[in-house]
Amino acid sequence: MKRFSPVKVASILGVVLAMSSSADLRAAELSVIAGGSLAPLFKTLRPQFEKASGHKLSIHFDSTPSIIANVGSGGRFDAVIAPIDVFKDAGVKARLAAGKTVEIARVGYGVIVRAGAPKPDISTPEALKQTLLAAPSIAFVQASAAGAYITSVFEKLGIDKQMAAKTKQESAPVKIAPAVASGRAALGVFLMNVLVAPGVELVGPFPAELQQELVFTAGTNTDSKVADAAKALIDYLQTPEAKAALKAAGMTPG
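I will try to describe carefully the structure that is included in this document. Every value quoted in this text rests on a predicted model; they were computed, and no experiment measured them. (Residues numbered from 1 in each chain as written. Predicted model: local features only at pLDDT ≥ 70, side-chain atom pairs only at ≥ 80, totals over all residues. Heavy atoms only, no water.)

### Quick word on the packing of aromatic side chains
This structure, assessed with the given rule, holds five aromatic pairs. Ring plane angle 55° and centroid distance 6.3 Å describe the contact between Phe42 and Phe61, whose orientation is recorded as tilted. Taken together, the residues Phe42 in helix α2 (residues 39–53) and Phe61 in strand β2 (residues 56–62) connect sequence positions 19 residues apart. Of the residues examined, Phe42 reaches a relative accessible area of 5% and is grouped as buried. When its relative accessible area of 28% is taken as the criterion, Phe61 is described as partly exposed. The structure contains a cluster of three or more aromatic residues connected by ring pairs, namely Tyr109, Tyr149 and Phe206. (Phe/Tyr/Trp six-rings, centres within 6.5 Å; stacked < 30°, edge-to-face > 60°. Helix = DSSP H or I, 4+ residues; strand = E, 2+ residues; numbered from the N terminus. Buried < 20%, exposed > 50% of the residue type's maximum accessible area, 1.4 Å probe, protein only.)

Here it is, written out as structure tokens:
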């Protein structure tokens with residue numbers, strides 16, 4: 001049996017450990033927290049990134065208030081991709097790698113109806129107001145950054161009390177379109193990237209006077225044990241392949 005010197009043994013162990021570390025990096029499992037309205041987008045991006053990088057994504061989709069509470073209270077994550085409102089919170093800022101937040105995309109607001117239903121006029125603020133007042137029910141997610149803006153639009157139009165009486169509050173953005181498709185709600189109002197779905201048709205975007213784009217930003221946890229892999233995800237979201245998926249989802253790449 002061949003014997004190795006202590007120096008040779010140490011050298012071999014060093015190589016094995018280096019290979020093991022490299023393999024762990026190649027096969028990292030990333031814990032990602034993402035805005036709920038990004039769930040449809042990641043049906044496309046997730047397999048693309050995993051195939052391109054070798055990493056695996058474990059994604060928890062949630063609302064802006066819940067993400068702020070989760071991250072700010074010490075919740076586990078390697079990367080967060082969410083509305084920019086999340087990144088304004090002091091507790092969240094304290095946990096993010098300094099100077100490594102990146103604008104990923106932006107998207108505006110729109111209105112949907114059930115497929116085949118007449119499309120009402122929403123071309124002006126007054127037209128949108130009358131359409132909202134005429135609708136028997138409206139679906140959106142109030143407990144979110146997008147929901148907060150929609151509520152402010154209702155207030156600006158002077159119809160917030162009427163809307164409160166007919167709103168169908170959904171628990172997640174991905175449930176808005178199914179609510180309209182099934183007839184549970186006459187209109188769906190939210191970010192346009194979650195309004196493209198089977199069984200519904202886009203009426204159009206908010207009129208220019210009321211339109212505002214929600215910006216989605218990405219950042220990494222300063223304490224992540226797989227920081228290089230987390231950075232690889234952020235970098236991937238800026239590639240031509242990812243930007244094509246963002247555009248297909250109705251979003252404007254950052």
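### Focus: the sheet that holds strand β1 (residues 29–35)
Sheet strands associate in pairs through backbone hydrogen bonding, adopting either a parallel or an antiparallel arrangement. The strand order across the open sheet built from six strands is β2-β1-β3-β10-β4-β11, with neighbouring strands paired in mixed fashion. Bordering the open sheet on either side are β2 and β11 (252–253), each of which pairs with just one other strand. Relative to β2, β1 runs parallel, the two being bridged by seven bridges. From the neighbouring strand, Glu29 faces β2, where its bridge partner is Lys56. Its contacts with the sheet place α2 against β1, β2 and β3 (79–83), and it is angled at close to 170° to β2. (Pairing = 2+ DSSP bridges. Contact = heavy atoms within 4.5 Å. Axes fitted to C-alpha atoms, helices over the stretch in contact; angles between N-to-C directions.)

### Some remarks on the layout of surface pockets
Over the atoms rolls a probe the size of a water molecule, and in doing so it shows where empty space is left. Taken as a whole, the largest pocket encloses approximately 220 Å³ of empty space. Along the wall of the largest pocket there are 22 residues; nearest its centre are Gly36, Ser37, Asp62, Ser63 and Pro173. If you list the elements that add at least two residues to the lining of the largest pocket, you get β2, α7 (145–157), β8 (187–191) and β10 (214–220). In terms of residue class, the lining of the largest pocket is built from 14 nonpolar, seven polar and one charged. (1 Å grid on protein atoms, 1.4 Å probe; cavity = no way out; pocket = protein on both sides within 12 Å on 5 of 7 lines; lining within 4 Å. Points joined across faces, edges and corners; volume = space filled by probe spheres on them. Nonpolar A, V, L, I, M, F, W, Y, C, P; charged D, E, K, R; others polar.)

### Some details on the environment of Lys243
Within the secondary structure layout, Lys243 lies in helix α11 (residues 240–248). Separated by eleven residues in the primary sequence, Lys243 and Gly254 place their C-alpha atoms 8.6 Å from one another. Setting aside residues up to four positions removed in sequence, Lys243 forms contacts with Gln238, Pro253 and Gly254.

### Overview of the environment of Gln162
With respect to the element layout, Gln162 can be found in helix α8 (residues 160–166). Overall, Gln162 belongs to the partly exposed group, its relative accessible area being 39%.

### Considerations on the pattern of salt bridges
Across all of its chains, the model carries six salt bridges by this definition. Between Arg46 and Glu50 there is a salt bridge, with its nearest N and O atoms 3.8 Å apart. Placement of both Arg46 and Glu50 in helix α2 is noted, with a separation of four residues, approximately one turn of the helix. For Arg46, a relative accessible area of 32% puts it in the partly exposed group. By relative accessible area, which is 18% here, Glu50 ends up buried. (Salt bridge = Lys/Arg side-chain N within 4 Å of Asp/Glu carboxyl O.)

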